[in-house]
Amino acid sequence: MAPTVLEQLGGLSGLVYSTLPVIVFVPANSFFGLAVALWSALGVAAAVLVWRLVQRSPIQPAISGFFGVGICAFIAYRTGDAKGYFLFGIYTSLVYGGAFVLSVLARWPLVGVIWGYLNGKGTAWRHNRSAVRFYDVATIAWAAVFAARYVVQSQLYDSDQTGWLAVARIGMGWPLTGVALLVTLWAVRRADHTLEAASSADRTDGTLPSDQADRSS
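Note that the structure is predicted; figures quoted are calculated from it, not measured.

Draft legend 1. Quick look at the packing of aromatic side chains. Taken as a whole and assessed by the stated rule, the structure comprises 12 aromatic pairs. Residues tryptophan 125 and tyrosine 135 carry aromatic rings whose centres are separated by 5.1 Å and whose planes lie at 75 degrees to one another, so their mutual orientation is edge-to-face. Residue tryptophan 125 is found in the loop between helix 7 (110-118) and helix 8 (129-158), and its partner tyrosine 135 is found in helix 8; the two are separated by 10 residues along the sequence. Like tyrosine 135, tryptophan 125 is buried. Three or more aromatic residues joined by ring pairs form one cluster here, namely Tyr96, Phe100, Trp142 and Phe146. Here the basic side chain of lysine 83 rests over the ring of tyrosine 157, its NZ or CZ set 4.4 Å away from the ring centre. Here the basic side chain of arginine 126 rests over the ring of tryptophan 108, its NZ or CZ set 3.9 Å away from the ring centre.

See the structure below:
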């Protein structure tokens, strides 16, 4: 699962590239003002997109990143304050964290749903309590990441700490994502092992899939 997720995020280079607009935005705002900072961030995001096109790398992460920077820049422009650049990410973390928590409470942990879709096995895992628990752990890990981002960055936003907001955005970005991915990889492997063991037990007990049962009769 890890390579697939990393590829969707643009690989390790994509995770690094995603921090460049923020790294450029804060010093540009300090030395040249908000307008220059906004255009600089947009320019860096556009340059990353062009660079990935030249390299013939997957461009979906770069496209998403460019539009994300555009939304952040628009909010900062409308608010007239550099800290507004981070507002979209703060509330996005709140929404994502809430969605992951609700999915666990509803017994449809999002990690299980996503993994079932990716491997083509659908929702059969929901009939195995152990598998559900492993997916719960992975989903809660992602919820914790989003919750931590929201709590820390919203506090920095309220206290007008734009520079520290940038530090928090980077420090709580791909490093925490990497931790959540490791937990997810562990949980997915354990869940798959549990499901395979249950399937083997069914075969040992003589349980046949419905199509084989029909043919045998």
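There is more to say after this.
Draft legend 2. Structural context of the layout of surface pockets. The space that makes up the second largest pocket amounts to roughly 240 Å³. Lining the second largest pocket are 15 residues, with Lys121, Ala124, Trp125, Leu195 and Glu196 sitting closest to its centre. Counting residues per element, the ones that place at least two in the lining of the second largest pocket are helix 7 and helix 10 (174-204). It is helix 10 that provides the largest number of residues to the lining of the second largest pocket, a total of 6 residues. By residue class, the composition of the lining of the second largest pocket is 6 nonpolar, 5 polar and 4 charged.

Scoring rules and cut-offs
- Residues numbered from 1 in each chain as written.
- Predicted model: local features only at pLDDT ≥ 70, side-chain atom pairs only at ≥ 80, totals over all residues.
- Heavy atoms only, no water.
- Phe/Tyr/Trp six-rings, centres within 6.5 Å; stacked < 30°, edge-to-face > 60°.
- Helix = DSSP H or I, 4+ residues; strand = E, 2+ residues; numbered from the N terminus.
- Buried < 20%, exposed > 50% of the residue type's maximum accessible area, 1.4 Å probe, protein only.
- Lys NZ or Arg CZ within 6 Å of the ring centre and 35° of its normal.
- 1 Å grid on protein atoms, 1.4 Å probe; cavity = no way out; pocket = protein on both sides within 12 Å on 5 of 7 lines; lining within 4 Å.
- Points joined across faces, edges and corners; volume = space filled by probe spheres on them.
- Nonpolar A, V, L, I, M, F, W, Y, C, P; charged D, E, K, R; others polar.

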